[in-house]
Amino acid sequence: MTGAERRLRVGVVFGGRSGEHEVSLLSAASVMAALDPAAYEVVPIGIAKDGRWLAGPAALEHLRREARLPASGAMKALAAANGRHDPTAVHEVGLLPDPSRHGVLAVQPAGGLMPVAAGSGFAGLDVVFPVLHGPFGEDGTIQGLLELAGLPYVGAGVLGSALGMDKIAMKDVFRANGLPVVRYLAVARSAFEAAPDGVLRQIQSELGLPYFVKPANLGSSVGITKVRQAGDLARAIRIAAHYDRRIIVEEAAPNAREIECSVLGNDDPVASVPGEVIPSREFYDYAAKYIDEDSTLVIPADLPPAVAAAVRQIAIRAFRSVDCSGMARVDFFVGRDDHRITLNELNTIPGFTTISMYPKLWQASGLSYERLLQRLIELAIERHSDRQRSATTYAPEDEPVSDGGGGE
């Protein structure tokens, strides 16, 4: 970068109104600490659990204290770098797209709509990096807001985000595209509450034990139960229903290893080497991922070359099937004996903590954490530029000339 080039202003959005709020804070701290200050001006934008938007250098520390979350190494480093700021001194704002100013977000304090002023924290953002996990962040909602605001942003668009969040819709798309998935059933919370016995009978008649019962729209293994006995099924559904109105019940892949693969790109995505998760618990639940840190990540996974190549190929097919862009971590089960590959799910905003698989897989594939963040920002700007080519008004004179399809 020459002295004449300015730094890109990157709005990093974190927190959010989901059960993965704390995980988002950990991921965002790692991202912000790793963005090169010579190339990027980081603008922290936090969303509290009650929906408040907080701007300013102390936003992350403020939300961490609200959540009573122990400070990670990255959080301590950021707090030290921002030591001159009172951790409670954050600017509370509302956020709306401002149609009168391209690429700018409008600040709405309690008193009503106010134009964005220079230095407000939202003026002139070049790109937004959502580091939000779960509903109201990974599901297309904030992506839609950013589309309305005309801002480039990292990761999948509205469609890819929505499909990547909803495990039922995602698996429906995977199955329609001929990708290998386990047998599963969708359960509506209202249907279970109205006729629980009927729902239980249907599951037991169509699926074989053991089951995994999951909220359809949540990640980080929140609300997931492995059911080994039919008598435990109702409780597992109630746990999942605590988090979502849609529940998915899946057959467990028998005697399988947990394999993950990272995908990066837009229209021409590439896949990393696969890695294996050896959970510290029976399966890779929330505690195994983020709390006890005793789970083992084996990178690259010890797989026959043909199986590893097939995992990478299916990961790219899954990425394309949901119209994903930017990034995704694709999770698989691979049989220990027969090497049978089963596609589990795709995560459009995977974890970015120091122990997260997505960046570790790219590091093993030759792409450092810092370069990965840079590439994701480049992809966001590239996709935004491509979308700007699409017409938004009908102009007959711009229609391509056609011979009517009749040939000679």
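Below, the structure is looked at part by part. (Residues numbered from 1 in each chain as written. Predicted model: local features only at pLDDT ≥ 70, side-chain atom pairs only at ≥ 80, totals over all residues. Heavy atoms only, no water.)

### Considering the overall build of the protein chain
When helices and strands are tallied, the protein chain shows 13 helices and 17 strands. Looking at the protein chain as a whole, 54% of its 408 residues qualify as buried. The contacts in the protein chain between residues at least 6 apart in sequence include a share of 67% that link residues at least 24 apart. When the accessible area of the protein chain is evaluated, it comes to approximately 18,800 Å², of which 50% is carbon and sulfur surface. (Helix = DSSP H or I, 4+ residues; strand = E, 2+ residues; numbered from the N terminus. Buried < 20%, exposed > 50% of the residue type's maximum accessible area, 1.4 Å probe, protein only. Contact = heavy atoms within 4.5 Å. Areas by Shrake-Rupley, 256 points an atom, 1.4 Å probe, with all protein chains shown as cover.)

### Points about the packing of aromatic side chains
Applying the stated criterion across every chain, the model contains 3 aromatic pairs. Centre to centre, the rings of F129 and F352 are 6.2 Å apart; their planes meet at 85°, and the pair counts as edge-to-face. A residue pair is termed long-range when its members are at least 10 positions apart, and F129 in strand β7 (residues 127-131) and F352 in the loop between β17 (341-347) and α12 (357-364) qualify at 223 residues. Pairing F352 with Y369 gives two aromatic rings, centres 6.1 Å apart and planes at 90°, and the pair type is edge-to-face. In this pair, F352 is assigned in the loop between β17 and α12 and Y369 in helix α13 (residues 369-388), connecting sequence segments 17 residues apart. The buried category is assigned to F352, whose relative accessible area is 0%. Judged by its relative accessible area of 18%, Y369 is buried. Of the aromatic side chains, those joined through ring pairs into one cluster are F129, F352, Y358 and Y369. In this structure, R17 packs its charged tip against the face of F136, placed 4.2 Å from the ring centre. (Phe/Tyr/Trp six-rings, centres within 6.5 Å; stacked < 30°, edge-to-face > 60°. Lys NZ or Arg CZ within 6 Å of the ring centre and 35° of its normal.)

### Looking at the side chain of T225
Relative to the elements of secondary structure, T225 occurs in strand β10 (residues 225-227). Residue contacts for T225: discarding those within four places in its chain leaves Y211, F212, V213, A236 and I239.

### Details of the environment of L200
Within the secondary structure, L200 sits in helix α8 (residues 196-206). With relative accessibility at 15%, the residue L200 sits in the buried group. A sequence separation of 34 residues divides L200 from A234, and the C-alpha atoms of the two residues are 7.2 Å apart. Ignoring any residue separated from it by four or fewer positions in sequence, one finds L200 in contact with F192, L233, A234 and I237.

### Re the environment of R383
Relative to the helices and strands, R383 is located in helix α13. With 230 residues separating them along the chain, R383 and Y153 place their C-alpha atoms 8.8 Å apart. Those residues in contact with R383, other than ones at most four positions away along the chain, are Y153, G155, A156, G157, N266 and S325. A distance of 2.4 Å separates a polar atom in the side chain of R383 from the backbone oxygen of G155. (Polar contact = N/O pair within 3.5 Å; in protein donor to acceptor, adjacent residues only side chain to side chain.)

### Notes on the sheet that holds strand β11 (residues 246-251)
Strands sit in the order β8-β11-β9-β10 across an open sheet of 4 strands; the sheet is antiparallel. Both outer strands of the open sheet, β8 (184-188) and β10, are each paired with one neighbouring strand and no more. Sheet twist, expressed as the mean angle between neighbouring strand axes with direction ignored, is 25°. Pairing between β8 and β11: 5 bridges, direction antiparallel. Looking across to β11, one finds that A188 is bridged to R246. Strands β8, β9 (211-215) and β11 of the sheet are contacted by helix α6 (residues 167-176), whose axis makes an angle of about 50° with β11. (Pairing = 2+ DSSP bridges. Axes fitted to C-alpha atoms, helices over the stretch in contact; angles between N-to-C directions.)

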